[in-house]
Amino acid sequence: MRLDIITIFPEYFAPLEVSLLGKARRAGLLDVSVHDLRSWTHDRHRTVDDTPYGGGPGMVMKPEPWGEALDAVAPPTAEATPRLVVPTPSGRPFTQAMAAEYAARPWLVFACGRYEGIDRRVYDEAATRMPVDEVSLGDFVLAGGEVAVLVMIEAISRLVPGVLGNRESVTDDSFAPGAMESLLEGPVYTKPPVWRERAVPDVLLSGHHGAIARWRRDEALRRTAAHRPELLARLDPAALDKHDRKV
Ligand SMILES: CN1CCN(Cc2ccc(Cn3ccc4ccc(-c5n[nH]c(N)c5C#N)cc43)cc2)CC1
């Protein structure tokens, strides 16, 4: 999977060198390139922003550098076509399902905006030759797209086959398709069996896999009811057995 990131702060992406993502890159599972948008400026001050037409606070990212950057990173003559993913407060909510969709794609280009955003004509022109997705991480306001892209790359990359050593660990994720979809994950425990007089629930030490699965589902239902009751409304009633309904 090829990932290209265009930003005025390339240093934000140093974390992509460490941990799982670093290993995945070294294993050739991920081909990640970070590009400095200012490489496509031609003035002495390497200008990427200007005042907004129509007035208003702040600055807007100029279209020219973005146009040249996208031409260079994803040339119209390229054999493959990337999906352009642009984080923005006004985008579609980023979800685990979107992460899974993106993880199945061969090439993503991430455009990290700053200031009050990127001139709209950049989106419109790019959309003439590649799919453009505007995506939001949630109902809060960041100062730019870099942190959002880091979050999305981590969520997407862990779903790429081979990146996570133990594939099973994604099947029980919150929001993962299947039985746990729309449920938050339950509590987890490891050794020691007792820590500061707090014991691990007996069922987890019982070796009784059916009882353990039941306990985990009950805990997931309880946590979802407590923290995200609206997710329970999404559950297919057929997926709930009579025991679930008592939780
Ligand atoms: C007049 N007002 C009208 C409202 N706008 C709104 C606004 C526009 C940009 C920014 C800063 N910014 C620049 C690029 C960029 C990318 C992502 C995000 C982002 N924030 N929150 C998420 N979940 C994000 C994601 N993903 C923020 C970004 C902040 C606030 C301001 C001007």
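Before reading further, recall that the structure is shown in the block above.
Values in this document were obtained by computation on a predicted structure and should not be read as measured data.

Thresholds applied
- Residues numbered from 1 in each chain as written.
- Predicted model: local features only at pLDDT ≥ 70, side-chain atom pairs only at ≥ 80, totals over all residues.
- Heavy atoms only, no water.
- Salt bridge = Lys/Arg side-chain N within 4 Å of Asp/Glu carboxyl O.
- Helix = DSSP H or I, 4+ residues; strand = E, 2+ residues; numbered from the N terminus.
- Buried < 20%, exposed > 50% of the residue type's maximum accessible area, 1.4 Å probe, protein only.
- Arc of directions from axis to C-beta.
- Contact = heavy atoms within 4.5 Å.
- Near = heavy atom within 4 Å.
- Polar contact = N/O pair within 3.5 Å; in protein donor to acceptor, adjacent residues only side chain to side chain.
- Core = buried A, V, L, I, M, F, W, Y, C linked by side-chain atoms within 4.5 Å.
- Pairing = 2+ DSSP bridges.
- Axes fitted to C-alpha atoms, helices over the stretch in contact; angles between N-to-C directions.

Regarding the pattern of salt bridges
Tallied over the entire structure, the rule returns 11 salt bridges. A salt bridge links R83 to D133, with the nearest nitrogen and oxygen atoms 2.7 Å apart. Of this pair, R83 sits in strand 5 (residues 83-93) while D133 sits in strand 7 (residues 132-136), and the two are 50 residues apart along the sequence. Accessibility expressed as a relative area gives 21% for R83, which makes it partly exposed.

Remarks on helix 2 (residues 63-73)
Where helix 2 is concerned, the buried positions are P65, W66, A69, L70 and V73. What you see down the axis of helix 2 is that its buried residues fit within an arc of 125°, all on one side. Where helix 2 is buried, its residues touch strand 1 (2-7), strand 2 (31-36), strand 4 (60-61), strand 5, strand 6 (107-111) and helix 4 (120-126).

A look at the site of the ligand
The environment of the ligand is made up of 18 residues, and the closest members are P87, E116, G138, F140 and L142. Measuring from a nitrogen atom of the ligand, one finds a side-chain N or O atom of S136 at 3.3 Å. The separation between a nitrogen atom of the ligand and a polar main-chain atom of G138 is 3.0 Å. Secondary-structure elements contributing two or more residues to the shell around the ligand are strand 5 and strand 7. With three residues, the single largest contributor to the shell around the ligand is strand 5.

Description of the nonpolar core
One finds I5, F94, F110, M152 and I156 to be the most contacted residues of the largest nonpolar core, which totals 28 residues. Listing elements by their share of this core, those giving two or more residues are strand 1, helix 1 (19-26), helix 3 (96-103), strand 6 and helix 5 (146-157). The greatest single-element share of this core, amounting to six residues, is contributed by helix 5. Other than its neighbours up to four places away in sequence, F94 contacts A99, Y102, V135, S136, L137, M152, A155 and I156. Within the second largest apolar cluster, 21 residues are counted, among which are W40, W66, A111 and M130.

What to know about the sheet that holds strand 2
Strands in a sheet are paired, the pairing made by backbone hydrogen bonds, and the direction either parallel or antiparallel. In space, the five strands of this open sheet follow the order 2-1-6-5-7, with parallel pairing throughout. Edge positions in the sheet fall to strand 2 and strand 7, since each has one partner strand and no second. For this sheet, the mean angle separating the axes of adjacent strands, direction not counted, is 30°. One ladder, built from six bridges, connects strand 5 with strand 7; its direction is parallel. Across the sheet, P87 pairs through a bridge with V135, a residue of strand 7.

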